[in-house]
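Structure assessment
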Amino acid sequence: MTNDPKPMQDAEPAETPAADPAEGDVAGATDARLAALEAENAEMKDRVLRTMAEMENLRRRTERQVADTRQYAIAGFARDMLTAGDNLARALESVPDDVRKNEGVKTFVEGVEMTERDLLNTLERHGVKKLEPLGQKFDPNLHQAIFEVPTDDQPPGTVVQVMQSGYVIGERVLRPAMVGVAKGAPRAREAADAPPASGQSG
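Parameters and conventions
- Residues numbered from 1 in each chain as written.
- Predicted model: local features only at pLDDT ≥ 70, side-chain atom pairs only at ≥ 80, totals over all residues.
- Heavy atoms only, no water.
- Core = buried A, V, L, I, M, F, W, Y, C linked by side-chain atoms within 4.5 Å.
- Buried < 20%, exposed > 50% of the residue type's maximum accessible area, 1.4 Å probe, protein only.
- Helix = DSSP H or I, 4+ residues; strand = E, 2+ residues; numbered from the N terminus.
- Contact = heavy atoms within 4.5 Å.
- Expected span 1.5 Å × (residues − 1).
- Polar contact = N/O pair within 3.5 Å; in protein donor to acceptor, adjacent residues only side chain to side chain.
- Salt bridge = Lys/Arg side-chain N within 4 Å of Asp/Glu carboxyl O.
- pLDDT = per-residue confidence, 0-100.
- Phe/Tyr/Trp six-rings, centres within 6.5 Å; stacked < 30°, edge-to-face > 60°.
- Lys NZ or Arg CZ within 6 Å of the ring centre and 35° of its normal.
- Pairing = 2+ DSSP bridges.
- Axes fitted to C-alpha atoms, helices over the stretch in contact; angles between N-to-C directions.

Before going further, it helps to examine the nonpolar core. In terms of nonpolar packing, the biggest core is built from ten residues, these being Tyr 72, Ala 75, Ala 78, Leu 82, Leu 119, Leu 123, Val 128, Tyr 167, Ile 169 and Leu 174. When contributions to this core are tallied by element, the ones reaching two or more residues are α2 (75-93), α4 (103-125) and β4 (167-169). Top contributing element to this core by residue count: α2, with three residues. Not counting residues up to four positions away in its chain, the partners in contact with Tyr 167 are Leu 82, Leu 120, Val 128, Lys 129, Lys 130, Leu 131, Val 173, Leu 174 and Arg 175.

Now the structure itself:
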């Protein structure tokens, strides 16, 4: 009697291994670390950019300060030299026109004029410029009004006389010009303000 073969049983499918919780923790930690590094990198980049901007601003400030120091360092010396220039101008003004015709005096005057020009040219080479306010509108930033001159020849507020020359160094006033300023006569102002007369019928 033959034995019936036993029916073969189907093989059970292999079980998929369950995910290891430890691997998930490692991946999460890696992502967190990467995010932290990226944030730190962005922060460092921002700091570097800010530092570079601050250094550029500092460089510009330093350049301006050096330029200002170079330009204005002689201000005190130049101000003292203006007194010498004033004395030369007064010496020239004190010589009467009729005396200037004398040959010896004429040579002396020409020498003083040359010295004054050299002084002004030297000051100008170092950034000191003489103001020329005559005929200009009075500017309190550049001029110092000493007196007013009633006149119809110039608009009110016009510099009509210079008592002492003024000078600037760069953009700064070294010494304001002392000036006389036009003061319009009352009648002239009233006539200027009056409305034009209408035509009269004959």
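Attention shifts here to α4. Here α4 contains 23 residues, and its C-alpha end-to-end distance of 33 Å stays within 8% of the 33 Å for a straight helix at 1.5 Å per residue. Along α4, the residues that are buried comprise Val 109, Val 112, Glu 116, Leu 119 and Leu 123. Looking at the buried residues of α4, the elements they touch are α2, α3 (97-100) and β1 (128-130). One side-chain oxygen of the residue at the start of α4 lies 2.9 Å from the amide nitrogen of Gly 104, identifying that residue as Asn 102. A positive phi of about 90° marks Gly 127, the residue just after α4.

For the rest of this paragraph, the subject is the pattern of salt bridges. Applying the stated criterion across every chain yields a total of eight salt bridges. With its nearest N and O atoms 3.3 Å apart, the salt bridge here joins Arg 60 to Glu 56. Linking Arg 60 with Glu 56, this pair stays in helix α1 (residues 21-72), spanning four residues, or about one helical turn. For Arg 60, a relative accessible area of 45% corresponds to the partly exposed category. Residue classification places Glu 56 among the partly exposed positions, given a relative accessible area of 28%.

Time to look at the confidence of the model for the chain. Residues at a pLDDT of 70 or more form 79% of the chain, whose mean pLDDT is 81. Mean pLDDT across the secondary structure elements of the chain bottoms out at helix α5 (residues 186-193), with 48, and peaks at β4, with 93. pLDDT under 50 marks residues 187-192. Its contacts with residues more than four places away, or in other chains, come to three contacts. Contacts of residues 197-202 to residues separated by more than four positions or lying in other chains number zero contacts, the stretch itself having pLDDT below 50.

In this section: the packing of aromatic side chains. Working definition: an aromatic ring pair is given by the centre-to-centre distance plus the angle between the planes. For the structure on display, the rule yields zero aromatic pairs. Sitting over the ring of Tyr 72, Arg 172 keeps its end group 3.7 Å from the ring centre.

On to the sheet that holds strand β5 (residues 172-175), then. Reading across from one edge, β1-β4-β5 is the order of the three strands in this open sheet, with antiparallel pairing throughout. The sheet terminates laterally at β1 and β5, the two strands that pair on one side only. Taken over all neighbouring pairs, the strand axes of this sheet differ in orientation by 35° on average, direction set aside. Inspection of the sheet shows β1 paired to β4 by three bridges, in the antiparallel sense. Paired with Lys 130 across the strands is Tyr 167, a residue of β4.

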